[in-house]
There are 2 protein chains.
Amino acid sequence: MKTQKDNIQQLLKNAKLRLTPQRLVILEALLSLNHPNAEELALYVRKTHPNIAVGTVYKTLETFLECQLITKVDLPGDSIRYDAIQLPHHHLVNPDSGRLEDYYDDDLFALIENYLKEKPVQDFDLKEVKLQIIGKFTQKK
Amino acid sequence: MKTQKDNIQQLLKNAKLRLTPQRLVILEALLSLNHPNAEELALYVRKTHPNIAVGTVYKTLETFLECQLITKVDLPGDSIRYDAIQLPHHHLVNPDSGRLEDYYDDDLFALIENYLKEKPVQDFDLKEVKLQIIGKFTQKK
DNA sequence: TTCTTAGATGAGAATCATTCTTATTTAGAT
DNA sequence: ATCTAAATAAGAATGATTCTCATCTAAGAA
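Residues numbered from 1 in each chain as written. Chains lettered and ligands numbered in written order. Predicted model: local features only at pLDDT ≥ 70, side-chain atom pairs only at ≥ 80, totals over all residues. Heavy atoms only, no water.

Novice: Would you mind showing me how to read the protein's contact with DNA strand D here?
Specialist: Near DNA strand D lie 17 residues; those nearest to it are Leu19(A), Tyr58(A), Ile80(A), Thr20(B) and Arg23(B). Across the atoms of DNA strand D situated within 4 Å of the protein, the share located in sugar and phosphate is 76%. Side-chain polar atom of Thr20(B) to a phosphate oxygen of DNA strand D: 2.7 Å apart, as the coordinates give it. Elements supplying a minimum of two residues to the surface near DNA strand D: helix 4 (54-66) of chain A together with helix 2 (21-32) and helix 4 (54-66) of chain B. The class makeup of the residues in the surface near DNA strand D is seven nonpolar, seven polar and three charged. (Near = heavy atom within 4 Å. Polar contact = N/O pair within 3.5 Å; in protein donor to acceptor, adjacent residues only side chain to side chain. Helix = DSSP H or I, 4+ residues; strand = E, 2+ residues; numbered from the N terminus. Nonpolar A, V, L, I, M, F, W, Y, C, P; charged D, E, K, R; others polar.)

Novice: How should I be thinking about the relation of the copies chain A and chain B in this particular structure?
Specialist: Both copies of the chain are related by a screw-like operation: a rotation about an axis and a shift along it. When chain A is fitted to chain B, the residual RMSD is 0.1 Å, and the transformation amounts to a turn of 179° plus an axial shift of 0.0 Å. Accordingly, the operation relating the two chain copies is best matched by a two-fold axis. Using C-alpha coordinates, one finds that chain A approaches the rotation axis most closely at Leu131(A), a distance of 2.3 Å. When the interface residues of chain A are mapped onto chain B, 100% of them again fall at the interface, so both copies present the same face. (Least-squares fit on C-alpha atoms with pLDDT ≥ 70 in both. Contact = heavy atoms within 4.5 Å.)

Novice: Help me out: how do you make sense of the packing of aromatic side chains in this one?
Specialist: The way to describe two aromatic rings as a pair is by their centre distance and the angle between their planes. Counted according to the given criterion, the structure contains two aromatic pairs over all chains. Here the aromatic rings of Phe124(A) and Phe137(B) are separated by 4.9 Å at their centres, their planes lie at 75°, and the arrangement is edge-to-face. You can see Phe124(A) sitting in strand 5 (residues 124-137) and its partner Phe137(B) sitting in strand 5 (residues 124-137), one on each of two chains. Take Phe124(A) and Phe137(B): they sit in the same class, and that class is buried. Here the guanidinium or amino end of Arg99(A) rests over the ring plane of Phe137(A), the centre of that ring lying 4.1 Å away. (Phe/Tyr/Trp six-rings, centres within 6.5 Å; stacked < 30°, edge-to-face > 60°. Buried < 20%, exposed > 50% of the residue type's maximum accessible area, 1.4 Å probe, protein only. Lys NZ or Arg CZ within 6 Å of the ring centre and 35° of its normal.)

Have a look at this one:
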């Protein structure tokens, strides 16, 4: 029976990173919070590591980015948010409130990627597509 | 025979904004440069207005955003970039180099929007979609 | 178990993109 | 020409992020 902690450890081992307590809890935070920024991560981590340096949070995030454990998330004018979900997904965004949610729809992904296969972008080596769906949430979270 | 300058003036008049020289040249820069950030705009403007305050650039951009003359452009971890193009378009992005280009394909837009009409996102009032196509440019600009 | 070492962290300083503040200037109406 | 509200200039302030350097420690070897 693998726990979340085991999964997190496995992710770090797969990435050949050291299993420091700080890294474990930061990755846990990234998997638990909704697209947290550095400040939100720091708040979460400080519950168990009151003395963690904010520089460590940033440095850890940078390391995770380099290993592609996580990605940065687009949101104009907001502080950088991070995303640890590896499954293909889109983002629902309300620019007014800054709320950001994952949206999973494999068919939509397939539709876009097939279209771009049939009609490739010239002079561009496509790696992935990201769709932002902008609007308003009509249901309280 | 309308010049670009006339067009710019018309855009500002339509938005009920005053036609200050600074605003004229900033909008010209926004229409001439490729998704400039504030610094790039300031450099462009300083050719004709050496004493412009950087705060004025930012304040002008904010005013243009409020009037929806321009939009901010997503690019994780980069400084805010701005876009004055009003026609529907996607963005081609190379995250490694930071290069960003417009990509026009009305069919792709229609495809996505039709899909989302047929399969609406629950509890979400959709306003627009933005597609980022991530990869590498294979042709020198 | 101990030792070693390269990697990671802590603490605080530095950077810089952006926003704020206040005095001055000016676009546009009359 | 005058007036006024809006816009600008100049510089200070803010805060998210990065840098620096001393210290700590995960993990591998013995």
